[in-house]
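These are the residues of each chain, in order.
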Amino acid sequence: MGIEVVVEGLTKSFGKQNIWQDVSLTLPAGEVSVMLGPSGTGKTVFLKSIIGLLKPEQGRVLINGVDMVNSSERDIMETRKLFGLMFQDGALFGSMSLFDNIAFPLREHTRKKESEIRRIVMERIDIVGLLGAEGKLPGEISGGMRKRAGLARALVLDPQIILCDEPDSGLDPVRTAYLSQLLIDLNAQIDATMLIVTHNLDIAATVPDNMGMLFCRNLVTFGPREVLLTSDTPVVSQFLAGRREGPIGMSEEKDAATLAAEQLADTAPPRTGPRTVVPQLEPSPGMPVRQGALRRRERVMSMMGQLPEAARTAILNSYAPAAGGARA
Amino acid sequence: MTAPMPVRPPEPPEKPPPPTGPGATAPAAPEQRRPSRLLAPLRETGKLFALAVAVARAIFRRPFQVREFIEQFWFVASVTILPAALVSIPFGAVIALQVGSLTQQLGAQSFTGGASVLAVIQQASPIIVALLISGAAGSAICADLGSRKIREELDAMEVMGVSPIQRLVVPRVLATMLVAVLLNGLISVVGTLGGYFFNVIMQDGTPGAYLASFSALAQLPDLYISEFKALIFGFIAGIVAAYRGLNPRGGPKGVGDAVNQSVVITFMLLFFVNMVLTAIYLQIVPAKGS
């Protein structure tokens, strides 16, 4: 079972520039969460802060009682072995072949025999569809392949927490869809806590149990997917619809003058009624039931009272028809 | 995005009005004390020392990266041996000629051997080591680490719970140290032979006087301090190269700058350290016969 990640009051600045402040959220154990946000809102910085690569000035990130911000380097190093992080461009070691890259964590952290390592690595390479390319150097393959190799490397130690930095960038829509399914299947198999940072709306709509959004140096919301998908907050609805009209501008936020001009021009954005919530992806046939989804169901049901009306309806709708089927 | 938008948002954002203009600062950002520019060099020095301490501690942490160490040792040795041998011959010759003509003027010709050998072993040889280790090995190490850093390879390594200091920096620093010590021996021998050759052949010195003055003036601690210097130089060159490589500023050009700086910083440090070590040595080890 995955591990809960608790983020409390996290604030990060680079010099005088504040990236985000007072971010608090909990990634529930074994569930899939997505962090949305326009480009340049510090999503990657958030990911790196969770794993302790960057040190926020304030706040804590608690994993198994270890604070990834302030604990000793030794504890942090130990805790990192629970993680699998998929970097935006793979971050493979340029001097090693794909096979050696993917075998690297095994060789560093385990005393497995080379035949055993070979078996595990080839299995992972098969999962991400890179069979036949294992002898190539990272410089000799395409960006999408590097990305998938990076995922294979992140998976090789059977991590409890998987962090994906923009898994879709550089992948075509079909591969992105496969990748979404792969992530859900993985979650069903190893019940790892997952956090996906992306601005891909397809992934956001179909993969996660929980969603959050970063904008304008703040965490706008974080909660069950239905809350964000049905939200009326201007930032969220603009982002999910991919419209130009709204508080998000070309350079992160619009200035007051532009906003005022928009208000003057006053034509209400075309509302299509409450957005319909696309059903979440299910594990492929033959996969075990996602334990995370079962736990989430109980958790969401117990917090029903605090959720907005639209989200409540969407949740009930999603659980009602197929309640006895694959989901439960 | 300055063009007026045709449609307004459903309601103004609930955030406090965003700052206008590109230069506006974040509202309510935690107040940071502006680091003083005056203290910047001190900060860099402090970080360099912190890395040196971290490396020194990581040397004793298991598991030791034998494979990486051997690879790096071989690499550093292969790029330095030939230039070292080639540089040390003319260097030994220059010193022999210079000292030779000086002692001739002073009428102390019979001591040429001892003087030139001491100069080669104590000064010339560690300095040549310093130049080659920082110029050939240090620059390569710095460029290697720097390009790994900007490609996020080091981050990836750290994320996998592997310390880049232990995995990459320690073997490199140890390799430069060991190569420096061995190289110093090589240069001492080649330089001394070169000096002997030029003194005896070119300046009509006698082999007997050369060897006799050598054993009259030189003593074993001269060799010790020479090797000790080389060891220290190897350590400093490795640390500085690693430090600049681990902290490149901004992209591929930053790596180039880092390599450049690493070589310059190492040179300056090594010459300074050489001066200090020489002064201390001359104070605490009495010259032979005195």
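Residues numbered from 1 in each chain as written. Chains lettered and ligands numbered in written order. Predicted model: local features only at pLDDT ≥ 70, side-chain atom pairs only at ≥ 80, totals over all residues.

A. Looking closely at the overall build of chain B. The helix and strand tally for chain B stands at eight helices and zero strands. Burial analysis of chain B (290 residues in total) assigns 39% to the buried set. In chain B, the proportion of contacts linking residues at least 24 apart, taken out of those at least 6 apart, comes to 88%. (Helix = DSSP H or I, 4+ residues; strand = E, 2+ residues; numbered from the N terminus. Buried ≥ 20, exposed ≤ 12 C-beta atoms within 10 Å, placed from the backbone. Contact = placed C-beta atoms within 7 Å.)

B. Quick peek at the overall build of chain A. When helices and strands are counted, chain A shows twelve helices and ten strands. In summary, chain A has a C-alpha radius of gyration of 20 Å against a globular reference of 20 Å for 328 residues, a match within 12%. Overall size of chain A, expressed as C-alpha extent along the three principal axes, is 70 × 55 × 40 Å. Looking at chain A as a whole, 46% of its 328 residues are labelled buried. In chain A, once contacts between residues fewer than 6 apart in sequence are set aside, the share between residues at least 24 apart is 70%. (Rg over C-alpha atoms; globule rule 2.2 N^0.38 Å.)

C. Structural context of the packing of helix 1 (residues 40–58) of chain B against helix 7 (residues 220–246) of chain B. Residues and elements named next belong to chain B. Contact geometry of helix 1 with helix 7 gives a least axis separation of 10 Å together with a crossing angle of 115°. The pairing of helix 1 with helix 7 is recorded here as roughly perpendicular in orientation. Once helix 1 is placed against helix 7, the crossing between them reads as right-handed. Listed contacts from helix 7 to L48, L51, A52 and V55 of helix 1 are I239, V240, A242 and Y243. Its residues placed into classes, the contact of helix 1 with helix 7 shows eight nonpolar, no polar and no charged. (Axes fitted to C-alpha atoms, helices over the stretch in contact; angles between N-to-C directions. Parallel < 35°, antiparallel > 145°, perpendicular 65-115°, else oblique. Left-handed = near helix turned anticlockwise from the far one by under 90°. Nonpolar A, V, L, I, M, F, W, Y, C, P; charged D, E, K, R; others polar.)

D. Looking closely at the sheet that holds strand 10 (residues 218–224) of chain A. Residue and element names in this part refer to chain A. Pairing is mixed across the open sheet formed by six strands, whose spatial order is 6-7-8-3-9-10. This sheet does not close on itself; its edge strands, each paired only once, are strand 6 (83–86) and strand 10. Each strand axis lies, on average, 15° off the axis of its neighbour in the sheet, ignoring direction. When strand 6 meets strand 7 (residues 161–165), the two strands line up parallel, connected through four bridges. (Pairing = 2+ DSSP bridges.)

E. Broad picture of the confidence of the model for chain A. Residues and elements named next belong to chain A. Residues with a pLDDT of 70 or more make up 92% of chain A, whose mean pLDDT is 83. Confidence, expressed as mean pLDDT per element, reaches its minimum in chain A at helix 10 (residues 256–265) with 71 and its maximum at strand 8 (residues 193–197) with 91. A low-confidence stretch, residues 323–328 stays under pLDDT 50, and its non-local contacts, those more than four residues away or across chains, total four contacts. (pLDDT = per-residue confidence, 0-100.)

F. Representation of the environment of G234 of chain B within the structure. Residue and element names in this part refer to chain B. Within the element layout of this structure, G234 appears in helix 7. For the pair formed by G234 and L269, sequence separation is 35 residues and the distance between their alpha carbons is 12 Å. Excluding its chain neighbours within four sequence positions, the residues that come into contact with G234 are I133, T176, M177, V179, A180 and V181.

G. Expanded view of the sheet that holds strand 5 (residues 66–67) of chain A. All names here are of chain A. Ordered by their spatial adjacency, four strands build an open sheet running 2-1-4-5, and the pairing between neighbours is antiparallel. The open sheet has two edge strands with one neighbour each: strand 2 (17–27) and strand 5. As judged from the seven bridges shared by strand 1 (residues 5–14) and strand 2, these two strands associate in the antiparallel manner. Along strand 2, the bridge assignment pairs V6 with T26.

H. Representation of the environment of W20 of chain A in the model. Residue and element names in this part refer to chain A. By the secondary structure assignment, W20 is in strand 2. A tally of 24 C-beta atoms within 10 Å means that W20 is categorised as buried. When the C-alpha positions of W20 and I141 are compared, they lie 35 Å apart, and in sequence the two are 121 residues distant.

I. Layout of the nonpolar core. Membership of the largest hydrophobic core comes to 89 residues, with the highest contact counts inside it found for I50, A152 and L163 of chain A. If you tally residues by element for this core, the top one is helix 5 (residues 143–155) of chain A, at six residues. Apart from residues no more than four positions distant in its own chain, I50 of chain A is found in contact with V5, V7, V61, M68 and L163 of chain A. Grouped together as the second largest cluster of nonpolar side chains are 58 residues, V170, A175, M177 and Y243 of chain B included. (Core = buried A, V, L, I, M, F, W, Y, C linked by C-beta atoms within 7 Å.)

J. Summary view of unusual backbone geometry. At D22 of chain A, a position not held by glycine, the phi torsion is positive, near 50°. When the 15 C-beta atoms within 10 Å are taken as the criterion, D22 of chain A is described as partly exposed. Its identity as a non-glycine residue notwithstanding, E152 of chain B has a phi of 65°, on the positive side. Turning to its location among the elements, E152 of chain B is positioned in the loop between helix 3 (112–150) and helix 4 (153–159).

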